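Report on the structure
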Amino acid sequence: MIWLGIETANTPLSIAVVKDGKVVAEMVQNIKLTHSAGAMPAIEEILARIDVKPNDLDAIAVSEGPGSYTGVRIGVTLAKTLAWTLQKPLVGVSSLKTLAANAALYNGLICPIFDARRGNVYTAVYQGETLEALVEDHHAHIDDLLVRLKALEQPILFVGTDVDIFWENIVQKLGDHAVRAPFSIDLPRAMEVIHLAMKMELQSVEATHHFVPQYKRIAEAEANWLKEQKEKEHE
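Everything numeric here is computed off the predicted structure, so don't read it as measured data. (Residues numbered from 1 in each chain as written. Predicted model: local features only at pLDDT ≥ 70, side-chain atom pairs only at ≥ 80, totals over all residues. Heavy atoms only, no water.)

Observations regarding the nonpolar core
Our working rule: Grouping buried Ala, Val, Leu, Ile, Met, Phe, Trp, Tyr and Cys residues that are joined through side-chain atoms within 4.5 Å yields what is termed a nonpolar core. Residue exposure (1.4 Å probe, protein chains only): buried if accessible area is under 20% of the type maximum, exposed if over 50%, otherwise partly exposed. The numbering of helices and of strands both runs from the N terminus, where a helix is a DSSP run of H or I of at least 4 residues and a strand a run of E of at least 2. Bear in mind that the domain bounds are from an automatic or database domain assignment. In this analysis, two residues are considered to be in contact whenever any of their non-hydrogen atoms come within 4.5 Å of each other.
Formed by 30 residues in total, the largest nonpolar core has its most connected members in W3 and L131. Those elements that place two or more of their residues in this core are β2 (13–19), β4 (59–63), β5 (90–93), α3 (95–100), β6 (109–117), β7 (120–127), β9 (156–159) and α6 (190–197). Looking at this core element by element, the count peaks at five residues for α6. When residues are assigned to domains, this core turns out to be shared by domain 1 (2–95 + 187–220) and domain 2 (96–180), each giving three or more. W3 has contacts with A16, V17, V18, L57, A59, I60, A61, V91, I194, A197, M198 and L202, leaving out every residue within four places of it along the chain.

Observations concerning the sheet that holds β5
As a reminder of what qualifies: For two strands to count as paired, DSSP must find a minimum of two bridges between them. For every element, the axis is a line fit to its C-alpha atoms; helices are fit only across the contacting stretch, and the angle between N-to-C directions ranges from 0 to 180 degrees.
Taken in spatial order, the five strands line up as β3-β2-β1-β4-β5 in an open sheet, and their pairing is mixed. The open sheet has two edge strands, β3 (22–29) and β5, and neither has a second partner. Shown here is a sheet whose adjacent strand axes are inclined to one another by a mean of 15 degrees, direction ignored. In this structure, strand β1 (residues 2–7) lies alongside β4, joined through four bridges in parallel fashion. Residue I6 lies in a different strand from β4, and its bridge partner there is V62. Contacts from helix α2 (residues 69–86) reach β1, β4 and β5 within the one sheet, and its direction differs from that of β4 by about 170 degrees.

Some remarks on helix α5 (residues 163–174)
This is how the line gets drawn: Take the number of residues in a helix, subtract one, and multiply by 1.5 Å to get its expected span. Read the arc as the range of directions from the helix axis to the C-beta atoms.
When the terminal C-alpha atoms of α5 are compared, their 14 Å separation across 12 residues is substantially less than the 16 Å that a helix rising 1.5 Å per residue should span. What α5 keeps buried is the set V163, F166, I170 and L174. For α5, the buried positions fall inside an angular range of 80 degrees around the axis, keeping them on one side. In α5, the exposed positions angled more than 90 degrees off the buried face are occupied by E168 and Q172. Those residues of α5 hidden inside the fold are in contact with β6, β7, α4 (142–150), β9 and β10 (178–180). Following α5 by one or two positions, G175 has its phi on the positive side, about 60 degrees.

Quick look at the pattern of salt bridges
So the rule is basically this: Counted as salt bridges are all cases of a side-chain nitrogen of Lys or Arg within 4 Å of a carboxyl oxygen of Asp or Glu.
Counted according to the given criterion, the structure contains six salt bridges. Between R180 and D186 there is a salt bridge; the shortest N-O distance is 2.9 Å. What makes R180 partly exposed here is its relative accessible area of 24%. In the salt-bridge network here, residues are joined through shared partners; they are D164, R180 and D186.

Let's talk about α2
Along its 18 residues, α2 runs 26 Å from first to last C-alpha, staying within 8% of the 26 Å computed at 1.5 Å per residue. Residues of α2 that are buried include every one of Y69, G71, V72, I74, G75, V76, L78, A79, L82, A83 and L86, and no others. Of the surrounding elements, those touching the buried residues of α2 are β1, α1 (35–49), β4, β5 and β7. Downstream of α2 by a residue or two, Q87 has a phi angle that is positive, lying close to 60 degrees.

Functional significance is not addressed by these values, which are geometric in nature.
The structure is reproduced here in structure tokens:
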């Protein structure tokens, strides 16, 4: 079985192909290149290099969010288009769980973090080895998150390039319970998207139409619109 994995939920871009449980090719980059311009060419290049035709694919796995609205939209739209065009099943995987999977061998709690701006983060807490979600994917202010984590009274491994933005605050609040993952596992990988997707049930091709991103919060424009509507109701 041949899988194509797509990860564009944040700045890093990763594309991978796994055949019969073995990684055939993977690309990971962390540069300021718009995914709308880089993702499809990367897929075409990888497939060409390993001489796999699009129709040879058996399933597609994509990082479904949360993360950058634009990044998540691009990845999901690309995956849905390919899945429907090729008539292949599509599987969505949490972008936070994908990142946590890099540290799956850690015997303890894993906290992946994506910057959501203005002191907010997208985050979760997973149990190492099993990747069981102890705190589900959500959007929160970093201070609220740290209060919640401090109450766990356990060492916590923080993973992700955006951890550096909040690291000083994390150490200040959690002290020795804060453990920084090595930079070598800070980037989400499409290989892990596929690895997690392979453990999930394949949906019918028709289900592709109902596949939606998991933003975990509404966009700022939508929030402002709702605020305006609420204010008008009270005028």
